[in-house]
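Here are the chains, one letter per residue:
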Amino acid sequence: MKRSLSIALALLLSFVINGRVYAAASADSADSEAGDEDSLANQGFAISPIPKADLKFSGENQKRVGLGSFIVNAIGDCSGCHSFPEFLRKGVTAGSNPAAGDPFEGLPSSEATTQQPVVANFNASHYLAGGQCFGPFMARNLTPDANGLPQGLTEAEFVKVMRTGQDISCEKSPSDAICDLGPDTPVLQVMPWPTYHNMMDHQLKSIYAYLSAIPPANACNTVDDGCPGFSGAAAHSATYAYPNTADCPNPAPPQ
Ligand code: HEC
């Protein structure tokens, strides 16, 4: 009796959890204390700046893609370095939510969110396409290449990068001009790989699944534009050199 009741409850709960999470759904119902991977995956889809309908994945990969989005968008802050400019001003329709500006315009709610774009107009058309400079080092484009591989890396190569900081992309394509921007270093200098190193295999593979599912995109700031004070058109300037357009605001809103 007790057992069938708990099965019924679980079914009811999973209906709530597996349904799309809208702001109308109470935060409590989506926010399972258990923190199990199904609820993390659902939250991942709800907060992805690229809506679930625009992500490319197969049914069997669904949970991995959702979990990957949760790690990328709620924990790993990959977008903080790899999307640039990360946010657009209010009203710019290339963004994830034109009605919202960058999150620094007003105070976001302290309530648990079930939808990221409620508080930010993410630069969706350049999402994770790289271009931001950290001194002479430029963040890479993590979106799928012509073969569908994120940053041109296979899953095994990607896991190795995240564990060891080895610059596998530049080892594979040394003539890529982005590799010459910074000095030669034995391992990636800016990427927080010593922290990402601590993830489990299936979590790193989930990140890879999400990166494989997002749309390909080009960076606003290119290698020719360079890095302020270091290279390219911006070499002798303190500011970025890329052309100021609606979806590539220059100067960038607060990042
Ligand atoms: C603090 C900024 C920062 C964060 C956060 C960050 N990256 Fe990076 N990443 C960079 C920069 C800059 C580079 C270029 C190389 C370097 O670090 O010198 C890079 C390079 C990479 C590369 C290319 C490595 C290669 O050469 O093959 C991958 C893949 C990558 N990042 C994935 C990610 C993922 C996935 C996340 C989130 C889990 C992430 N990064 C978060 C700054 C960052």
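Just so it is clear, the structure is predicted and the values come from calculations on it, not from any experiment.

About the criteria used
- Residues numbered from 1 in each chain as written.
- Predicted model: local features only at pLDDT ≥ 70, side-chain atom pairs only at ≥ 80, totals over all residues.
- Helix = DSSP H or I, 4+ residues; strand = E, 2+ residues; numbered from the N terminus.
- Buried ≥ 20, exposed ≤ 12 C-beta atoms within 10 Å, placed from the backbone.
- Contact = placed C-beta atoms within 7 Å.
- Near = placed C-beta within 6 Å.
- Core = buried A, V, L, I, M, F, W, Y, C linked by C-beta atoms within 7 Å.
- Axes fitted to C-alpha atoms, helices over the stretch in contact; angles between N-to-C directions.
- Parallel < 35°, antiparallel > 145°, perpendicular 65-115°, else oblique.
- Left-handed = near helix turned anticlockwise from the far one by under 90°.
- Nonpolar A, V, L, I, M, F, W, Y, C, P; charged D, E, K, R; others polar.

Enquirer: Got a sec to walk through the overall build of the protein chain? Specific residues and values, please.
Expert: A tally of regular secondary structure across the protein chain gives nine helices and two strands. Listing every helix and strand of the protein chain by position from the N terminus yields α-α-α-α-α-β-β-α-α-α-α. Across the 255 residues of the protein chain, 38% fall into the buried class. Excluding contacts between residues fewer than 6 apart, the proportion of contacts in the protein chain whose partners are at least 24 apart in sequence is 62%.

Enquirer: Help me get a handle on the site of the ligand, residues and values and all.
Expert: Residues in close proximity to the ligand total 27 residues, the closest being Gly76, Cys78, Cys81, Ser169 and Val190. For the shell around the ligand, the secondary structure elements donating two or more residues are α4 (62–76), α5 (78–82), α6 (155–164) and α7 (168–172). With four residues, the single largest contributor to the shell around the ligand is α5.

Enquirer: Describe the nonpolar core, with residues and values.
Expert: The nonpolar side chains of soluble globular proteins are, as a tendency, buried together. The biggest cluster of nonpolar side chains holds 48 residues, and the ones touching the most others in it are Tyr127, Ile207, Tyr210 and Ile214. Taken together, the elements giving at least two residues each to this core come down to α3 (37–47), α4, α5, α6 and α9 (201–213). With sequence-adjacent residues up to four places away left out, Ile214 is seen in contact with Ile50, Leu55, Tyr127, Leu128 and Thr143.

Enquirer: Any details on α3? Residues and values, ideally.
Expert: Along an α-helix, residues three or four apart share an orientation, since each turn contains 3.6 residues. The buried fraction of α3 amounts to eight of the 11 residues, a majority that puts the element mostly inside the structure. Residues of α3 that are buried include every one of Ser39, Ala41, Asn42, Gln43, Gly44, Phe45, Ala46 and Ile47, and no others.

Enquirer: Any chance you could break down the environment of Lys160 for me, citing the residues and the numbers?
Expert: Relative to the elements of secondary structure, Lys160 occurs in helix α6. Sequence-wise, Lys160 and Trp193 are 33 residues apart; in three dimensions their C-alpha atoms are separated by 10.0 Å. When neighbours within four sequence positions are excluded, Lys160 is seen to be in contact with Gln166 and Ile168.

Enquirer: Report on the packing of α3 against α4, specifying residues and quantitative values.
Expert: Where α3 contacts α4, the axes come no closer than 7 Å and their chain directions differ by 65 degrees. As the angle between them shows, α3 and α4 are arranged roughly perpendicular. The handedness of the crossing between α3 and α4 is left-handed. Across the interface between the two elements, Glu37, Asp38, Leu40, Ala41, Asn42, Gln43, Gly44, Phe45 and Ile47 from α3 touch Lys63, Gly66, Leu67, Gly68, Ser69, Phe70, Asn73 and Ala74 from α4. Within the contact of α3 with α4, the residues separate by chemical class into seven nonpolar, seven polar and three charged.

Nothing here speaks to function; it is all geometry.
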